[in-house]
Amino acid sequence: MKKLCFGTFATILKICSAKRISQKLLCGTMLLSIAPTYDIRGEDGTVSDLILGKKNLSPNITDKAPTVDPRAVSNYFKQHILNMLDSNKRSLIILALKDIIASDNTIEPDTIVEIVNGMTKKSIVRRDAFVFEDFIAGVFLYTVLNVENRNCEDSVKETTAEYIQSFEDQKMDISFITTYSNLSMETAYEIAIDARSLVLLAETGGKCQKCGRVLGIKKEGNDVNYAKVVHLSETDEVVLCVECEREIQNASEEVKLALLSEKHDLEVLMAARDATSRYTIEKQIEQVLREVDLMDVTDDTQLKIEPVKVENKITEKRLKERVLFDVRRLYQGVNDALDRLAGENKLNVDKFAKSVKRMYEDASESHISQSAIYNLLVETLFEKTGRKYREACEIIISYFVQRCEVFDEITK
């Protein structure tokens with residue numbers, strides 16, 4: 001499991017450092033931001049053990065960290081650390097740290113991880129614009145204040161140059177700003193209300209949870225067909241249209257409980273959707289989808305053996321029939337198209353397969369049904385390839401079911 005600790009943090013910065021910057025210089029200089037008299041820039045062994053996750057930070061650091069001014073640490077990083085890093089790799093630093101933070105199950109969603117601005121894990125994962133020095137200084141302080149660095153060797157070993165380079169295709173998703181917006185409390189409250197509506201709307205696909213009517217956020221002077229956030233208990237809310245909001249006031253407890261049960265299912269599905277959406281799909285996949293969309297069913301496209309892998313992996317009757325239909329007709333055709341494109345160096349099939357497998361693994365952690373997982377993977381592929389060729393997306397996911405990237409064999 002990836003873990004955010006001083007070792008993984010320092011390793012990312014070390015790999016993304018400018019030429020001729022040693023790890024002891026980088027690490028020692030960072031620690032001077034907290035304890036100006038504690039200088040280990042000449043101690044190879046100490047620095048190596050810290051970066052490798054073999055030992056904890058000295059009490060000279062951890063005892064002073066709680067009283068340090070986070071803003072002063074950010075200013076220090078801006079003056080002394082930024083010039084030690086490769087400016088072309090700033091986005092990679094952000095993306096790698098975001099990924100580790102998102103993957104670290106020991107960090108709760110509402111935990112403040114960026115100390116300078118009080119930014120939580122949840123907001124970091126969703127954000128794509130950062131004040132660079134604030135972010136790295138804030139995460140650095142979190143690792144110093146909240147994490148045991150000893151026994152983190154395995155996490156550090158996972159933090160390789162290849163791992164960081166894997167985010168190259170996502171670099172353009174990150175932007176850098178000089179300051180975060182300052183909002184008045186009243187403005188923040190108003191935004192929070194609409195933000196809550198947006199979250200609930202995202203869960204329902206933009207529709208009233210009860211009747212399915214398409215909704216929007218309220219606009220001044222218009223109270224027709226907009227989202228109403230309805231409290232069904234102290235902790236549970238649903239989003240309804242105006243008419244259903246009026247009806248629910250006098251609804252039976254059975255109806256309200258049914259809505260809450262459905263709301264829970266939507267939350268689980270939303271979590272699975274968030275997990276799968278963070279993976280990058282190569283642009284060349286669109287060419288595969290285009291070919292599959294135009295593919296005729298012939299003897300050459302059909303699976304030559306019985307699709308036993310599908311039979312042994314899917315328990316839901318309708319889903320099994322649907323996947324078997326695709327696999328029997330077009331498995332070999334899809335396989336040949338992928339092999340040909342790989343041979344022409346137009347597509348990295350292994351990378352594509354690994355992305356699909358990781359999306360499946362993340363979705364399955366939410367314990368949703370097999371049909372929900374299948375539909376989620378189809379929708380994710382459809383969204384990430386420009387919302388074209390939906391049927392081809394279904395065929396591709398069915399192909400990966402047979403190939404064993406999606407769904408595990410059922411043990412008897």
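Definitions and cut-offs
For every chain, the first residue of the written sequence is number 1, and numbering continues from 1 along that sequence. Note on the predicted model: pLDDT of at least 70 is required for a residue's local features to be given, and 80 or more for side-chain atom pairs to be given and counted; whole-chain, interface and lining totals, by contrast, use all residues. Computation of side-chain values covers all heavy atoms of the structure but excludes hydrogens and water. Note on conventions: DSSP H or I runs of at least 4 residues are helices, E runs of at least 2 residues are strands, and numbering of each starts at the N terminus. Only protein chains enter the accessibility calculation, which uses a 1.4 Å probe; a residue whose area is less than 20% of its type maximum is buried, one above 50% is exposed, and one in between is partly exposed. When checking whether two residues touch, look at their non-hydrogen atoms; a contact exists if any pair is within 4.5 Å. Every accessible area reported is derived by Shrake-Rupley at a probe size of 1.4 Å, with residue values counting cover from the shown protein chains alone. A pair of Phe, Tyr and Trp rings is counted when the ring centres sit within 6.5 Å of each other, with Trp represented by its six-membered ring. The angle between the planes then sorts it: under 30 degrees is stacked, over 60 is edge-to-face, the rest tilted. Using a grid of 1 Å spacing that covers the protein atoms alone, one calls a set of points a cavity when a 1.4 Å probe fits there but cannot get out, and a pocket when the set is open and has protein on both sides within 12 Å along at least five of seven lines; lining residues are those with an atom within 4 Å of a point. Grid points are joined across faces, edges and corners, and a volume is the space filled by probe spheres set on the points. Just so you know the grouping, Ala, Val, Leu, Ile, Met, Phe, Trp, Tyr, Cys and Pro go in nonpolar, Asp, Glu, Lys and Arg go in charged, and all remaining residues, Gly too, go in polar. For our purposes a nonpolar core is just a set of buried Ala, Val, Leu, Ile, Met, Phe, Trp, Tyr and Cys residues, chained together by side-chain atoms within 4.5 Å. Strands were regarded as paired on the criterion that DSSP finds at least two bridges between them. A residue counts toward a patch only above 30% relative accessible area and without a salt bridge, and it is joined to like-charged neighbours within 9 Å or, for Val, Leu, Ile, Met, Phe, Trp and Tyr, to nonpolar neighbours within 5 Å. The rule for a salt bridge is simple: a side-chain nitrogen of Lys or Arg has to be within 4 Å of a carboxyl oxygen of Asp or Glu. In this tally Asp and Glu are treated as negative and Lys and Arg as positive; neither His nor the chain ends contributes. Here the site of a charge means NZ on Lys, CZ on Arg, CG on Asp, or CD on Glu. Throughout, an axis means a line fitted to C-alpha atoms (over the contacting stretch in the case of helices), and angles, computed between N-to-C directions, take values from 0 to 180 degrees. Angular relationships are summarised with four words: roughly parallel below 35 degrees, roughly antiparallel beyond 145, roughly perpendicular across 65 to 115, and oblique for the angles in between.

### Notes on the overall build of the protein chain
In step 1: Across its full length, the protein chain carries 19 helices and six strands.
In step 2: Looking at the 412 residues of the protein chain, the share that counts as buried comes to 45%.
In step 3: Taking as baseline every contact in the protein chain between residues at least 6 positions apart, the subset at least 24 positions apart corresponds to 72%.
In step 4: Carbon and sulfur atoms make up 48% of the accessible area of the protein chain, which amounts to about 21600 Å² in all.

### Thoughts on unusual backbone geometry
In step 1: In the Ramachandran plot, asparagine 345 falls in the positive-phi region, its phi being about 60 degrees despite a non-glycine side chain.
In step 2: Among the structural elements, asparagine 345 can be located in the loop between α16 (317–343) and α17 (349–364).
In step 3: Take asparagine 345: its relative accessible area is 72%, and that puts it in the exposed class.
In step 4: With phi around 90 degrees, cysteine 404 is a residue other than glycine that occupies positive phi space.
In step 5: With respect to the element layout, cysteine 404 can be found in the segment after α19 (390–403).
In step 6: The class of cysteine 404 is partly exposed, set by a relative accessible area of 35%.

### Observations regarding the packing of aromatic side chains
In step 1: Per the counting criterion, the structure on display carries ten aromatic pairs.
In step 2: Relative to phenylalanine 176, the ring of phenylalanine 132 has its centre 5.6 Å away and its plane inclined at 85 degrees; by these criteria the two rings are edge-to-face. Placement of phenylalanine 132 in helix α8 (residues 132–146) and of phenylalanine 176 in strand β4 (residues 175–176) is noted, with a sequence separation of 44 residues between them.
In step 3: Judged by its relative accessible area of 2%, phenylalanine 132 is buried.
In step 4: Each ring, one from tyrosine 360 and one from phenylalanine 407, has its centre 5.7 Å from the other, and the planes form 85 degrees; the classification is edge-to-face. Highlighted residues: tyrosine 360 in helix α17 and phenylalanine 407 in the segment after α19, separated in sequence by 47 residues. Exposure class is identical for tyrosine 360 and phenylalanine 407. Each is buried.
In step 5: Aromatic ring contacts, followed pair by pair, group Phe6, Phe9, Phe77 and Phe140 into a single cluster.

### Some points on the side chain of serine 17
In step 1: Along the chain, the position of serine 17 falls in the loop between α1 (6–15) and α2 (23–32).
In step 2: Not counting residues within four places of it along the chain, the set of residues in contact with serine 17 comprises Leu26, Met84, Leu85 and Asp86.

### A look at the layout of surface pockets
In step 1: If you add up the space inside the second largest pocket, you get close to 400 Å³.
In step 2: Taken together, twelve residues line the second largest pocket, and the ones lying closest to its centre are Gly118, Met119, Thr120, Ser123 and Arg127.
In step 3: Listed by contribution, the elements that provide at least two residues to the lining of the second largest pocket are β2 (119–120) and α7 (121–126).
In step 4: With three residues, α7 is the single largest residue contributor to the lining of the second largest pocket.
In step 5: In the lining of the second largest pocket, the residues fall into three nonpolar, five polar and four charged.

### With respect to the nonpolar core
In step 1: Counting residues in hydrophobic clusters, the biggest one holds 62 residues, and the most contacted among them are Leu31, Ile136 and Phe140.
In step 2: The biggest single contributor to this core is α8, with nine residues.
In step 3: Once residues lying within four places of it in the same chain are set aside, the contact partners of phenylalanine 140 are Phe6, Phe9, Met30, Leu31, Ser33, Ile34, Val73 and Phe77.
In step 4: Ranked by size, the runner-up nonpolar core spans 44 residues in total, among them Val323, Val327, Ala353 and Leu381.

### Focus on the pairing of strand β6 (residues 237–240)
In step 1: Judged by which residues are buried, β6 turns out to be covered on both faces: Glu237 and Val239 on one side and Val238 and Leu240 on the other are all buried.
In step 2: Here strand β5 (residues 228–231) pairs with β6 via four bridges, running antiparallel. Bridge pairing links histidine 231 to glutamate 237 in β6.

### Observations regarding a negative patch on the surface
In step 1: A cluster of like negative charges, contributed by Asp299, Asp300, Asp336 and Asp339, occupies part of the molecular surface.
In step 2: Mapped onto the fold, aspartate 300 is located in the loop between α14 (285–294) and α15 (308–311).

### Section: the pattern of salt bridges
In step 1: Evaluation of the coordinates by the stated rule reveals 22 salt bridges.
In step 2: Notably, a salt bridge pairs glutamate 168 with lysine 171, separated by 3.5 Å at the nearest N-O pair.
In step 3: For glutamate 168, a relative accessible area of 33% puts it in the partly exposed group.
In step 4: Here lysine 171 falls in the partly exposed class, since its relative accessible area comes to 21%.
In step 5: The salt bridge partner of glutamate 291 is arginine 340, with a shortest N-O separation of 2.4 Å. Note that glutamate 291 is positioned in helix α14 and arginine 340 in helix α16, a separation of 49 residues in sequence.
In step 6: With a relative accessible area of 24%, glutamate 291 lands in the partly exposed category.
In step 7: Put simply, Glu291, Arg340, Glu344 and Lys346 are held in one network by salt bridges that share partners.

### Quick notes on the packing of α16 against α19
In step 1: Packing of α16 against α19 brings their axes to within 8 Å, and their N-to-C directions diverge by 90 degrees. Classified by the angle their axes make, α16 and α19 are roughly perpendicular. Between α16 and α19, the residues in contact are Arg322, Val323, Asp326, Val327, Arg329, Leu330, Tyr331, Val334, Asn335 and Leu338 and Glu391, Glu394, Ile395, Ile396, Ser398, Tyr399, Val401, Gln402 and Arg403, respectively.
In step 2: When the residues that make up the contact of α16 with α19 are grouped by side-chain class, the tally is ten nonpolar, three polar and six charged.

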